[in-house]
Amino acid sequence: MQYRNFGLVNTIEPLKSALRGGFAIPAFNAYNMETITAIISAARLTHSPVIIAISESALKYMGADMLIGMISGAKITPNERIALHLDHGSSVESCMRAIDIGFSSVMLDFSKYDFDDNMTATSDIAKYAHARDVSVESELGQLSGIEDENTHNTKSTYTDPESVAEFVKHTKTDSLAVAIGTSHGAYKRKSPDEKLRFDILQQIQEQIPYTPLVLHGASSIPEFLVNEINEFGGNIKNAMGITPEQLIFAATKTNICKINIDSDLRLATTAAIRKYLSQHPENINPREYLSAGHDMVRNTCIFLIREIFHSNDKI
Ligand code: G3H
Ligand code: 13P
Ligand code: ZN
């Protein structure tokens, strides 16, 4: 089923407007009804474009029919500029399937393969996607971080600025994810002094000034959420994210046009549900504690949209 039937848009125009306008489009990871509705509510309340990012494992968890049923039930309209994006697609076939069921954008993550294989596979999916007016994201360089089976990676390699122009020209990718020191999950830095490599980003931008760039692994891991989880029975140690200052710089002063957030929303859900259950030990009604999780995710998205991405009031 084609994505336009669900009122979705692809990411080409939203990313271009972010490139021109000095802000970034949020890509929030979703995996159930609460996260999908929280993300859409946050976008509607702030008048922000948004990308609903679905990993392969989240797609497996929900099932394609259930996901599309929820998206259809959200009654999205094209002027809201909401995209449904496959995050870290692991094969050309997986991206094709996502396009066929109604995704408006796909990422083919061949960053762990060699340059030529990445280029060939990305060109293949770009041809398939563009014939259907679907946008394509690809990646050069590798993020570290262990979050799930698809993004499990223990080594990192910064994106080589010398390789990006050839890659973009040959593949016709619509956006490019870059590795400049971020990583997936809640443990991004060992010390507060570790900084993103904006010098490498600058060199990349000089080579491909018109290509929207993407920052994965960009959660800021808010201390108050970690503290709340620990206060109400959790055990999260030494978690550290990207500083808000660096994220704001990336969103407003560089060609980073899409910023991916998953871990912050996981923390928000977990903190709110732990707190609710701890403060209401008699409660056995999932609608109540799941609502607490939903509201905290929505509020976290609103905060990030307004204070970090500056994508509010852009529609
Ligand atoms: O970057 C990857 C996402 O955080 C996806 O994680 O596959 O566990 O949903 P997941
Ligand atoms: P975080 O783990 O920093 O939220 O990264 C999410 C991500 O990159 C999803 O693709
Ligand atoms: Zn990612």
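Before going into details, it helps to say that this report is about the structure given with it. Because the structure is a prediction, the values reported are computed rather than measured. (Residues numbered from 1 in each chain as written. Chains lettered and ligands numbered in written order. Predicted model: local features only at pLDDT ≥ 70, side-chain atom pairs only at ≥ 80, totals over all residues. Heavy atoms only, no water.)

The next point concerns the packing of aromatic side chains. What the rule picks out here adds up to 4 aromatic pairs. An angle of 55° between the planes, with centres 5.9 Å apart, marks the rings of F115 and F167 as tilted. One end of the pair, F115, is in helix α6 (residues 115-130); the other, F167, is in helix α7 (residues 164-171), and 52 residues separate them in sequence. Of the residues examined, F115 reaches a relative accessible area of 25% and is grouped as partly exposed. (Phe/Tyr/Trp six-rings, centres within 6.5 Å; stacked < 30°, edge-to-face > 60°. Helix = DSSP H or I, 4+ residues; strand = E, 2+ residues; numbered from the N terminus. Buried < 20%, exposed > 50% of the residue type's maximum accessible area, 1.4 Å probe, protein only.)

The subject of this paragraph is helix α2 (residues 33-46). Given 3.6 residues per turn, any residue in an α-helix points the same way as the ones three and four places further on. Taking 1.5 Å per residue as the helical rise, α2 with its 14 residues ought to reach 20 Å, and the 20 Å between its terminal C-alpha atoms agrees with that figure. If you check which residues of α2 are buried, you get E34, T35, I36, A38, I39, I40, A42, A43 and T46. Of the residues that open α2, the one with a side-chain oxygen 3.3 Å from the backbone nitrogen of E34 is N32. The first or second residue beyond α2 is H47, which carries a positive phi of 55°. (Expected span 1.5 Å × (residues − 1). Polar contact = N/O pair within 3.5 Å; in protein donor to acceptor, adjacent residues only side chain to side chain.)

The next subject is the environment of D174. Within the secondary structure, D174 sits in the loop between α7 and β6 (175-178). A polar atom in the side chain of D174 sits 2.7 Å from the side chain of H130.

With that settled, the discussion passes to the layout of surface pockets. Taken as a whole, the largest pocket spans an internal volume of roughly 460 Å³. Along its surface, the largest pocket is lined by 26 residues, and S144, S183, K188, R189 and E194 are the ones closest to its centre. (1 Å grid on protein atoms, 1.4 Å probe; cavity = no way out; pocket = protein on both sides within 12 Å on 5 of 7 lines; lining within 4 Å. Points joined across faces, edges and corners; volume = space filled by probe spheres on them.)

On to the site of ligand 2. Around ligand 2 sit 15 residues, and of these D87, K188, S219, D262 and S263 come closest. Between ligand 2 and the protein, one listed contact pairs an oxygen atom with a backbone N or O atom of A218 at 3.1 Å. Contact between ligand 2 and D262: an oxygen atom at 2.6 Å from a main-chain N or O atom of the residue. When contributions to the shell around ligand 2 are tallied by element, the ones reaching two or more residues are β3 (82-89) and β8 (256-261). Along the lines of polarity and charge, the residues of the shell around ligand 2 split into 2 nonpolar, 9 polar and 4 charged. (Near = heavy atom within 4 Å. Nonpolar A, V, L, I, M, F, W, Y, C, P; charged D, E, K, R; others polar.)

On to the environment of A271, then. You can see A271 is positioned in helix α11 (residues 263-279). Residue classification places A271 among the buried positions, given a relative accessible area of 0%. For the pair formed by A271 and G233, sequence separation is 38 residues and the distance between their alpha carbons is 9.8 Å. If we skip the residues at most four places from it in the chain, A271 touches L225, E228 and I229. (Contact = heavy atoms within 4.5 Å.)

The zinc ion (ligand 3) binds to the protein through H88 (NE2), H184 (NE2) and H216 (ND1), with metal-donor distances spanning 2.1 Å. Mapped onto the sequence, the residues coordinating the zinc ion (ligand 3) show the spacing H-x95-H-x31-H. Taken together, the residues H184 in the loop between β6 and α8 (198-207) and H216 in the loop between β7 (213-215) and α9 (223-231) connect sequence positions 32 residues apart. Note on accessibility: H184 and H216 belong to one class, buried. (Donors = N, O, S within 2.8 Å, 3.2 Å for Na, K, Ca; no water.)

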